[in-house]
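Chain by chain, the residues:
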Protein chains: 2
Amino acid sequence: MKKLELDLKPCDGFFNVREYDKKVEQAYSKVHELFSGTGRGNEYTGWLNLPLETNKKQIKDIKATAGRLRENSDYIINIGIGGSYLGTKAVYDFISPKSEGPEILYAGNTISGTQMKDLMDKIRDKDVSLCVVSKSGTTTEPAIAFRILEGFIKERYGVKAKERIVGITDAKKGAVKVLCDEMGYDSFVIPDNIGGRYSVLTPVGLVPLAASGVDIDELVAGAADMASYSKNLPNDATMYAAMRNLLLDGGKTIEIMAVYEESLRFFTEWWKQLFGESEGKEGKGIFPASVIFSADLHSMGQYIQEGNRNIFETVINIKNPPFDMKIPDTGQDSDGLAYLAGKTMNYVNETAMLATINAHRKGGVPNILINLEDQSGYSIGQLIYFFEFSCAVSGYLLGVNPFDQPGVEAYKTEMFKMLGKPGF
Amino acid sequence: MKKLELDLKPCDGFFNVREYDKKVEQAYSKVHELFSGTGRGNEYTGWLNLPLETNKKQIKDIKATAGRLRENSDYIINIGIGGSYLGTKAVYDFISPKSEGPEILYAGNTISGTQMKDLMDKIRDKDVSLCVVSKSGTTTEPAIAFRILEGFIKERYGVKAKERIVGITDAKKGAVKVLCDEMGYDSFVIPDNIGGRYSVLTPVGLVPLAASGVDIDELVAGAADMASYSKNLPNDATMYAAMRNLLLDGGKTIEIMAVYEESLRFFTEWWKQLFGESEGKEGKGIFPASVIFSADLHSMGQYIQEGNRNIFETVINIKNPPFDMKIPDTGQDSDGLAYLAGKTMNYVNETAMLATINAHRKGGVPNILINLEDQSGYSIGQLIYFFEFSCAVSGYLLGVNPFDQPGVEAYKTEMFKMLGKPGF
């Protein structure tokens, strides 16, 4: 396999080698806890072997339903919030070239009436199907969207509505499960031992992605190869976990994910949930932020170069982007670009990346570089598993349970009180 | 005028009142420096009276050119990076309802060959015009995009190309100015005393926005009213500047802008440049980050509620969003939503906002609330000026020059060396 490559060299000079060795040793013991199921929250480590255990029967079932949605839909509407849409959007936006399949739209990740109205305008004269992703079926945002969109589908398609609604939910209980059983909607299971932010390689991501035409075999294969590789030590994910905790010990409290392709914008959002929700607790955690370069070198670049030195960067580089363009020779040099005539944009973009790493490092910002082969499902499958694994190890190193999210209820409880929900 | 409202109450308990009074007093003296032109970087305070001085002649000239572009284009392509596109995109995405005018696309804010290719595919069979926004005309990203797009326009439209290209650039010098004079392209001036991140209310923003059908009179009127209001003390922008510096003194090194409408996504990006680039220097600065709620309550919500207590939030609330939808009564309650049947989504969204402020405050995160009247040009004009003014005062309080960006050159210098640019 062509594995993603982790490059920690641009961190040189920002840490003590003896302390790094110590941190790596600690990380190794955390990996053992993870595999032996003795760490905190071990009831939620189903993702650990998931890509290796995904079998043909499961994929076949997903493809059967997905194929039907794909055939009869202009749009697939994914109803879900947090981990119930971010992984799907991260993968869908990344894959290039896109299939001819239906575009995925998103609902139930907002309470904005304007966004809901915009969506209804967009689908008015189109054929649509719904993937409703919710363990309980009672989360406010997706539940509101589902009320509206199920009504729309039923009104438009009558008895054939059931061919267009798929539930991805609990195996046995919850509103979506009950509804699917009652109405005859297809349903797929979100495993009990996998939390939302770790769920993209379960039916949560696989069903809508397959419906849109993404090759989910490739996606799972990339993750599976990374899972096999990560069974041994040393491995890249463990080193990344060790390094970021070492940098935190040195006062680097903010990690900025920097990418050079717009296609990775929502991957950075998925990553922010993964690390922010896993580590941000008990007053701890590295604050995850993101930038899209080179655009944001002209907005956040100044801060990163010379601001408060409490930051480090993790850069994702795509070695072989899907398309490229040549910089034209215009026969003149008033724009100072003649020296680049005939060169390709991707060559300049990659040079900008290497130059920025140098500049920021010299400015006091340690950099971690991750090289990806291309914009395929296989590559992002690797990247997803890489971060899932490293997040678990990193959370253990930090001393928290990386698999719970006790703080997410706080705003809901306040909201239910104010809205007068029965029982609050 | 209906002014935006600043609410600092959700900061109560996070600061010492005597220290607040002291900080406000310091802020007042900084406002005097700003108006008297005695502060650092005072040669770049042209934005201060700009909206009050924008005259009918200037607006008429802009509208004449913009009207022509608007009539003959399906798309307006804005070529520019940093302050040469973020303000335009922030305003364009915000305004609702949209005009029937051409959509604005963006180029020259990336070096990605894939993004350039996607753009060329999109415009292949469309009529397009270019607004090229660059003081020097030699910034790498926009210069590359302009080479490609000017070629495209010339090839397609021949001698009529010049009706479709507009330069927004230096009054006298630089590659774009020279080119416009040579080729007979319309050109508009970026004033010498206004930096990129402060330029959205100059032709930089006004030309492409007017071309797309945005009512720029409204936009300027909102800013002008805020400018008049801010001439006296106390004013909201000064109080905001004082409060965020006080919170920084108390260890809050990260400011998160939280919004509840997707339409504000790029406003948060504009704001991040404004504050990040103005304050992130000399090892100082509050790190600016952003979230789109309620979506991101299910990703970054956990961290904000319970992670490292080095954060505060600034929330933008739109009191009257442009559209709304009712939550349907489905005659059942399996989703636990019956208590909301008949209520509107915007009511629930606003309640979620108030509840989240409460929850985060209780979790140790001070909140600053800014209420906007609606999604009009007038409202965002106010908001833009509010932040421009407060950023200047805040930078002075922090002890930096809020109008320079010495660190932005660092990556360019490294890049030019690696690319072999003559002279490097």
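If you're wondering where the values come from, they're calculated on a predicted model, not measured in any experiment.

Peer 1: Tell me about the packing of helix α5 (residues 113–123) of chain A against helix α6 (residues 140–157) of chain A, residues and numbers included.
Peer 2: Residues and elements named next belong to chain A. One way to put it is that α5 packs onto α6 with a least axis distance of 12 Å and a crossing angle of 20°. Judged on the interaxial angle alone, α6 and α5 are roughly parallel. Regarding α5 and α6, the two cross each other, and that crossing is right-handed. Contact with α5, carried on its side by M116, L119, M120 and I123, involves A145, I148, L149, F152 and R156 of α6 and no other residues of that element. Residue composition of the contact of α5 with α6, by class: eight nonpolar, no polar and one charged.

Peer 1: An account of the interface of chain A and chain B is needed here, citing residue identities and associated values.
Peer 2: Often the size quoted for an interface is simply the accessible area lost on bringing the parts together. In this complex, chain A contributes 112 residues to the contact, which on the side of chain B involves 112 residues. Taken together, the two surfaces of chain A and chain B that pack against each other cover about 9,100 Å², and 64% of this comes from carbon and sulfur. On the chain A side of the contact with chain B, R147, F287 and H298 of chain A bury the most area, a combined 10% of that side's loss. Applying the counting criterion to the chain A and chain B interface returns four salt bridges. Residue E414 of chain A pairs with K362 of chain B through a salt bridge whose shortest N-O separation is 2.5 Å. Listing elements by their share of the side of chain A that touches chain B, those giving two or more residues are α5, α6, β7 (254–259), α11 (265–279), β8 (287–292), α12 (301–306), α13 (345–362) and α15 (409–419) of chain A. Broken down by element, the side of chain A that touches chain B gets its largest block of residues, 13 residues, from α13 of chain A.

Peer 1: Would you mind going over the sheet that holds strand β1 (residues 5–7) of chain A in detail, with residue names and values included?
Peer 2: Backbone hydrogen bonds are what pair the strands of a sheet, in a parallel or an antiparallel way. All names here are of chain A. Spatially, five strands are ordered β1-β10-β9-β7-β8 in an open sheet, and the strand pairing comes out mixed. Two strands in the sheet have a free side with no partner beyond their single neighbour: β1 and β8. The mean angle between the axes of side-by-side strands here comes to 20°, regardless of whether they run parallel or antiparallel. Both β7 and strand β9 (residues 311–320) contribute to a ladder of six bridges, which runs parallel. Residue E255 lies in a different strand from β9, and its bridge partner there is F312. Here α11 sits on the sheet and contacts β7 and β8; the angle it forms with β8, its principal contact strand, is near 175°.

Peer 1: Hey, could you go over the confidence of the model for chain A for me, with residue numbers and the actual values?
Peer 2: Residues with a pLDDT of 70 or more make up 100% of chain A, whose mean pLDDT is 97. Reported confidences for the modelled complex are a pTM of 0.98 and an ipTM of 0.98.

Peer 1: Explain the side chain of E414 of chain B to me, using residue names and the numbers behind them.
Peer 2: Considering the arrangement of structural elements, one finds E414 of chain B in helix α15 (residues 409–419). Dropping the residues within four chain positions of it, E414 of chain B is found in contact with A355, N358, A359 and K362 of chain A.

Peer 1: Go over the pattern of salt bridges with me, naming the residues and quoting the values.
Peer 2: All names here are of chain A. Applying the stated criterion across every chain, the model contains 54 salt bridges over all chains. Residues K30 and E33 are paired through a salt bridge, measuring 3.5 Å at the closest nitrogen-oxygen approach. With K30 and E33 both in helix α1 (residues 17–36) and three residues apart, the pair spans about one turn of that helix. On the basis of relative accessibility, which here comes to 25%, the residue E33 falls in the partly exposed class. A salt bridge links E269 to K272; the shortest N-O distance between them is 3.1 Å. With E269 and K272 both in helix α11, this residue pair falls three residues apart, about one helical turn. Among the charged side chains, a salt-bridge network with shared partners connects K135, D170, K173 and D192.

Peer 1: Let's hear about the packing of aromatic side chains: which residues, and what values?
Peer 2: This structure, assessed with the given rule, holds 40 aromatic pairs over all chains. Measuring from ring centre to ring centre gives 6.2 Å for Y396 of chain A and F403 of chain A, while their planes differ by 90°; the resulting arrangement is edge-to-face. Side by side, Y396 of chain A and F403 of chain A carry an identical accessibility label, which is buried. Of the aromatic side chains, those joined through ring pairs into one cluster are F35, W47, Y198, Y385, F389, Y396 and F403 of chain A. Note that R164 of chain A overlies the ring of Y157 of chain A, its terminal NZ or CZ placed 3.9 Å from the centroid. Positioned over the ring face of F266 of chain B is K89 of chain B, at 4.4 Å from the centre of the ring.

Peer 1: Requested: an account of helix α10 (residues 236–249) of chain B, with residues and values cited.
Peer 2: For α10 of chain B, which comprises 14 residues, the first-to-last C-alpha distance of 20 Å matches the rise-based estimate of 20 Å (1.5 Å per residue) to within 8%. For α10 of chain B, a buried count of 13 out of 14 residues is recorded, marking the element as mostly surrounded by other parts of the structure.

Peer 1: Report on the sheet that holds strand β2 (residues 75–79) of chain B, specifying residues and quantitative values.
Peer 2: Residue and element names in this part refer to chain B. If you trace the five strands from one edge of the open sheet to the other, you get β3-β2-β4-β5-β6, paired in parallel fashion. Unpaired on one side and paired on the other, β3 (103–107) and β6 (186–189) mark the two borders of the sheet. The mean inter-strand angle of the sheet, taken between neighbouring strand axes irrespective of direction, is 20°. As paired strands, β2 and β3 are joined by five bridges and run parallel to one another. Along β3, the bridge assignment pairs I77 with L105. Where helix α4 (residues 86–94) meets the sheet, it contacts β2 and β3, and its direction lies at approximately 150° from that of β3. Helix α7 (residues 175–183) rests against β4 (128–133), β5 (165–169) and β6 of the sheet, and its axis sits at about 140° to β5.

About the criteria used
- Residues numbered from 1 in each chain as written.
- Chains lettered and ligands numbered in written order.
- Predicted model: local features only at pLDDT ≥ 70, side-chain atom pairs only at ≥ 80, totals over all residues.
- Heavy atoms only, no water.
- Axes fitted to C-alpha atoms, helices over the stretch in contact; angles between N-to-C directions.
- Helix = DSSP H or I, 4+ residues; strand = E, 2+ residues; numbered from the N terminus.
- Parallel < 35°, antiparallel > 145°, perpendicular 65-115°, else oblique.
- Left-handed = near helix turned anticlockwise from the far one by under 90°.
- Contact = heavy atoms within 4.5 Å.
- Nonpolar A, V, L, I, M, F, W, Y, C, P; charged D, E, K, R; others polar.
- Buried area = accessible area lost by both parts, 1.4 Å probe.
- Salt bridge = Lys/Arg side-chain N within 4 Å of Asp/Glu carboxyl O.
- Pairing = 2+ DSSP bridges.
- pLDDT = per-residue confidence, 0-100.
- Buried < 20%, exposed > 50% of the residue type's maximum accessible area, 1.4 Å probe, protein only.
- Phe/Tyr/Trp six-rings, centres within 6.5 Å; stacked < 30°, edge-to-face > 60°.
- Lys NZ or Arg CZ within 6 Å of the ring centre and 35° of its normal.
- Expected span 1.5 Å × (residues − 1).

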